[in-house]
Amino acid sequence: MRTYDFSPLYRSAIGFDRLAQLFDNAQRADSQPSYPPYNIELVADDKYRITMAVAGFTSAEIDIEAENDTLKIVGRKQKEEGSPTFLHRGIAARDFEQRFQLANHIKVVGAQLENGLLNIELVREVPEALKPRKIEINSDNVHRLERNAA
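Cut-off values and rules
Residues numbered from 1 in each chain as written. Predicted model: local features only at pLDDT ≥ 70, side-chain atom pairs only at ≥ 80, totals over all residues. Heavy atoms only, no water. Helix = DSSP H or I, 4+ residues; strand = E, 2+ residues; numbered from the N terminus. Buried < 20%, exposed > 50% of the residue type's maximum accessible area, 1.4 Å probe, protein only. Contact = heavy atoms within 4.5 Å. Pairing = 2+ DSSP bridges. Axes fitted to C-alpha atoms, helices over the stretch in contact; angles between N-to-C directions. Core = buried A, V, L, I, M, F, W, Y, C linked by side-chain atoms within 4.5 Å. Phe/Tyr/Trp six-rings, centres within 6.5 Å; stacked < 30°, edge-to-face > 60°.

Colleague: Mind showing me how you'd approach the overall build of the chain here?
Modeller: Each helix and strand in the chain was counted, giving three helices and seven strands. Ordered by position in the sequence, the α and β elements of the chain form the string α-α-β-β-β-β-β-β-β-α. Counting over 150 residues, the chain shows a buried share of 19%. Of the contacts made within the chain by residues no fewer than 6 positions apart, 50% connect residues no fewer than 24 positions apart.

Colleague: How do you make sense of the sheet that holds strand E7 (residues 117–124) when you look at a structure like this?
Modeller: Neighbouring strands of a sheet are bound in pairs by backbone hydrogen bonds; such pairs are parallel or else antiparallel. Spatially, the four strands line up as an open sheet ordered E1-E2-E7-E6, and their pairing is antiparallel. Here the strands that pair on one side only, and so sit at the sheet edges, are strand E1 (38–44) and strand E6 (106–114). Each neighbouring strand pair of the sheet contributes to a mean axis angle of 20°, computed without reference to strand direction.

Colleague: I tried to follow the pairing of E7 on my own but got confused; where do I start?
Modeller: Regular strands place side chains that alternate from one sheet face to the opposite one. Looking at chain direction, strand E2 (residues 47–53) and E7 are connected through seven bridges and run antiparallel. Paired with Ile-50 across the two strands is Ile-120, which belongs to E7. Note: E6 against E7, eight bridges, orientation antiparallel. Paired with Leu-113 across the bridge in E7 is Leu-118.

Colleague: How should the nonpolar core be read in this particular structure?
Modeller: One broad trend across soluble globular proteins is that nonpolar side chains are buried collectively. Core analysis: the largest hydrophobic core is formed by 15 residues, its most contacted members being Ile-50, Met-52, Val-54, Leu-71, Ile-73, Phe-96 and Leu-118. Going through the elements one at a time, E2, strand E4 (70–75), strand E5 (96–101) and E7 are the ones with two or more residues in this core. Ranked by the residues each element gives to this core, the list is headed by E7, at three residues. What Ile-50 contacts, discounting residues up to four positions off in sequence, is Asn-39, Ile-40, Leu-71, Phe-100, Leu-118, Asn-119, Ile-120 and Leu-122.

Colleague: What exactly am I supposed to notice about the packing of aromatic side chains here?
Modeller: The description of an aromatic ring pair uses the distance of the two centres, along with the angle that the planes make with each other. This structure, assessed with the given rule, holds three aromatic pairs. The interplanar angle of 85° and the centroid separation of 6.2 Å between the aromatic rings of Tyr-35 and Phe-96 together place this pair among those described as edge-to-face. Note that Tyr-35 is positioned in the loop between helix H2 (17–27) and E1 and Phe-96 in strand E5, a separation of 61 residues in sequence. The class of Tyr-35 is buried, set by a relative accessible area of 14%. Classification of Phe-96 by relative accessible area gives buried; the value is 4%. Geometrically, the ring pair formed by Tyr-38 and Phe-100 is edge-to-face, given 5.0 Å between the ring centres and 90° between the ring planes. One end of the pair, Tyr-38, is in strand E1; the other, Phe-100, is in strand E5, and 62 residues separate them in sequence. A residue is classified by how much of its surface remains accessible, and Tyr-38, at 37% relative accessible area, is partly exposed. Each residue in the set Tyr-35, Phe-57 and Phe-96 is aromatic and connected to the rest through ring pairs, giving one cluster.

So this is what it looks like as structure tokens:
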């Protein structure tokens, strides 16, 4: 049994619907495309790299789009006029679309195509307002509050 019902989570939790959607999408991983092959690498504490093998594609044939928490990479091979007749075709040059769900505060900072490998650089940028901060304990404030209440 490989299917799970997440509807109780949707009914009883507020704000966790995205987490449940991620679980649902992970269950459908068998239907997701495996072309082109890719690696996801942790470069540093808050830096990541996605490397995709896109042999035969030029930078003009690849579109990278980051919208909300989704990174979409689309490759559309341009049709060649007078295409050759292949006796064996082992290099896949078919169109592709690959989507990645990004965690909160993950930003795409750059992309580079070199030697048939597309490298996409990502970084986690947590806003200052969400970072932990130290709260000093000052006993004078307690005395002032007591005086103001009296």
